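Observations on chain architecture
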Amino acid sequence: MSFLTKSLSVPVLSLIFARVLYAINWFNISSIFYLILIDFRQDVSMLGLVTASFLLGIGIFQVPAGILAAKYDPKKIAAFGIMMLSISSLLSGLATELFQIAVLRFLVGVGMAFFFGPSVILISAYLGKGSDGLGVGILNSAHSLGGIIGLFGWIVIAQNVGWRASLIVSGMLGIMTGLFLIYGLKQKRQQQQQPDGDKKDDGHLQHPLHNGFKLRANDKEHGTQKSNFKIKLSDLRLVLINKQMIIVGLSLLGIQIGWNLVSTFVVLYLKNDLHVNPYFAGMVAGLAMVFNVVFAPIFGRIYDKTTRRRNRNLGLILLIACGVVVSVNIALFSLENIYVIVLSIIMIGIFISGGFVVPYTKAREIAIIKLDQRHYETLAVSFVNGLSLFGAFWVPFVFSIIVLYFGYPTAWLIGGFLTILFIIPIVKLAV
């Protein structure tokens, strides 16, 4: 089966569409929050609180979702996640106070935690061997596409029909996408696998990254039956207390800090501090997503090619370089110059791609190749993602407090510093 056919297959498309709506329901709340603040007569600190609640939900439940995906069918876990986040987003449009929105955003985060890890494993399995970085890149592109729609499109919708109706619409679309995902993942997966442990001449291990999926899928044609695999506490500890895995998670934490600050506060910053038209503010914020859509698969392919060589540290060097560029450009927001901000947004959109692709793929490599824990590849991805999201939950709230007392320029400088601070430990794995 050709690569193009696999890329356009119903299961892959269902995962991509689900990821797009996942991202819409992630980012739309930030773009319309200025309208919510007007209704509830609150300040920027409430945006920090709501964002912190969301990050707690998505961060805390990454590991439980990964464990469930290791024991049960990851398809069911992914479908449950997309339905939960969509229903919670819909209910957010009916909230009568900000505390209710904070609780519902926590539940949106929980649903996203259950979708994310399984989706990474499933799309790589459907695309085939040697496409691990590309699979993550495609999902990141879909995430950014949803971010563009959420950041800009939902400003337009909310301005015309109100912020409540806009959240109800995004929730309903998410439910429809969830139904398509359930249908798509029931389709038979055509496989052309090499024998176990096959290697290319360059020494790059090809098969094990997909072996865990194959074992579960073979239990029943459509993967709906429980696996005989049993979770062992000793194996969980091997993955969750691994020093390399924790370092990878910290590097992703740095990337998450930068990305969450940019995607959460840029629209509000441009509108309230620089007095930019809200439509234009949404367009500027969406630029990062536009360039991420284009460059995420490219960085995924770059990573795949560099790690086929014997020196796998090239992938980590790529991560460090991307982190430095993102950090510097966040700090440049402090200049309060719209032209500088636009250019910085573009640079962040390009290089944040590598910042996400490398840690997720590296986590899978550690679990499968170094630890020989093939059943826990989903858990490995979920763990580093959970560590990064849970570790970042306090940042939006602290950022908003700094804005209130010291202004946005100081807050952006600190945000840029925190971004690179947590990426630095990855140097230990690169040398």
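The rules behind the values
- Residues numbered from 1 in each chain as written.
- Predicted model: local features only at pLDDT ≥ 70, side-chain atom pairs only at ≥ 80, totals over all residues.
- Heavy atoms only, no water.
- Patch = residues over 30% accessible without salt bridge, like charges linked within 9 Å, V, L, I, M, F, W, Y side chains within 5 Å.
- Areas by Shrake-Rupley, 256 points an atom, 1.4 Å probe, with all protein chains shown as cover.
- Salt bridge = Lys/Arg side-chain N within 4 Å of Asp/Glu carboxyl O.
- Helix = DSSP H or I, 4+ residues; strand = E, 2+ residues; numbered from the N terminus.
- Buried < 20%, exposed > 50% of the residue type's maximum accessible area, 1.4 Å probe, protein only.
- Contact = heavy atoms within 4.5 Å.
- Core = buried A, V, L, I, M, F, W, Y, C linked by side-chain atoms within 4.5 Å.
- Axes fitted to C-alpha atoms, helices over the stretch in contact; angles between N-to-C directions.
- Parallel < 35°, antiparallel > 145°, perpendicular 65-115°, else oblique.
- Nonpolar A, V, L, I, M, F, W, Y, C, P; charged D, E, K, R; others polar.
- Left-handed = near helix turned anticlockwise from the far one by under 90°.
- pLDDT = per-residue confidence, 0-100.

**Topic: a nonpolar patch on the surface**
Residues Leu49, Trp394, Phe397 and Val398 make up a contiguous nonpolar surface patch of about 320 Å² in total accessible area. Looking at the nonpolar patch, the element that brings in the most residues is helix 17 (residues 394–406), giving three residues. Inspection of the secondary structure puts phenylalanine 397 in helix 17.

**Structural notes on the environment of serine 344**
Its place among the elements puts serine 344 in helix 15 (residues 338–370). Serine 344 sits in the buried class, given a relative accessible area of 1%. Along the backbone, serine 344 and phenylalanine 333 are eleven residues apart, and their C-alpha atoms lie at a distance of 7.5 Å. What serine 344 contacts, discounting residues up to four positions off in sequence, is Asn329, Leu332 and Phe333.

**Quick word on the nonpolar core**
Residues Met245 and Trp412 are the most contacted members of the largest nonpolar core, which totals 126 residues. No other element matches helix 12 (residues 243–273), which puts 16 residues into this core. Ignoring sequence-local partners within four residues, the contact set of methionine 245 consists of Val239, Ala363, Ile366, Ala367, Leu371, Ala380, Phe383 and Val384.

**Here's the deal with the packing of helix 2 (residues 10–31) against helix 3 (residues 33–40)**
Where helix 2 contacts helix 3, the axes come no closer than 5 Å and their chain directions differ by 55 degrees. Considering their axes alone, helix 2 and helix 3 lie oblique with respect to each other. Contacts between helix 2 and helix 3 involve Ile29, Ser30 and Ser31 from the former and Phe33, Tyr34 and Ile36 from the latter. Classifying every residue of the contact of helix 2 with helix 3 gives four nonpolar, two polar and no charged.

**As for the pattern of salt bridges**
Note on pairing: side chains with opposite charge can pair once their charged atoms come close. Taken as a whole and judged by the stated rule, the model has one salt bridge. A salt bridge links lysine 362 to glutamate 365, with the shortest nitrogen-to-oxygen separation between them at 3.8 Å. With lysine 362 and glutamate 365 both in helix 15 and three residues apart, this pair spans about one turn of that helix. Glutamate 365 matches lysine 362 in its accessibility class, with the two residues each being buried.

**Observations regarding the side chain of serine 251**
With respect to the helices, strands and loops of the structure, serine 251 is situated in helix 12. For serine 251, a relative accessible area of 0% translates into the label buried. Look past the residues within four positions of serine 251 in its chain and what remains in contact with it is Leu319, Pro359, Phe422, Ile423 and Ile426.

**Observations regarding the side chain of glutamine 256**
Relative to the assigned elements, glutamine 256 resides in helix 12. The buried category is assigned to glutamine 256, whose relative accessible area is 2%. Not counting residues within four places of it along the chain, the set of residues in contact with glutamine 256 comprises Phe356, Tyr360, Asn385, Ser388 and Leu389.

**Here's the deal with the environment of tyrosine 279**
Structurally, tyrosine 279 can be placed in helix 13 (residues 278–307). Along the backbone, tyrosine 279 and leucine 151 are 128 residues apart, and their C-alpha atoms lie at a distance of 9.6 Å. Residues contacting tyrosine 279, with those up to four places away along its chain left out, are Phe152, Ile155, Val156, Gln159 and Asn160.

**Re the packing of helix 14 (residues 313–331) against helix 15**
Each pair of packed helices can be summarised by the angle the axes make with each other and by the distance between the axes. In the contact formed by helix 14 and helix 15, the axes pass within 8 Å of each other and the chain directions differ by 145 degrees. In this structure, the crossing between helix 14 and helix 15 has a hand that is left-handed. Across the interface between the two elements, Gly315, Leu316, Leu318, Leu319, Cys322, Val325, Val326, Asn329 and Ile330 from helix 14 touch Ser344, Met347, Ile348, Phe351, Ile352, Gly354, Gly355, Val358, Pro359 and Lys362 from helix 15. Taken together, the residues that form the contact of helix 14 with helix 15 break down as 13 nonpolar, five polar and one charged.

**Structural notes on the confidence of the model for the protein**
Across the protein, pLDDT averages 82, with 84% of residues at or above 70. When pLDDT is averaged over each helix and strand of the protein, the minimum, 40, is found for helix 10 (residues 208–217) and the maximum, 95, for helix 18 (residues 408–423). Every residue in residues 189–227 scores below 50 in pLDDT, and together they form 89 contacts with partners more than four places removed in sequence or on other chains.

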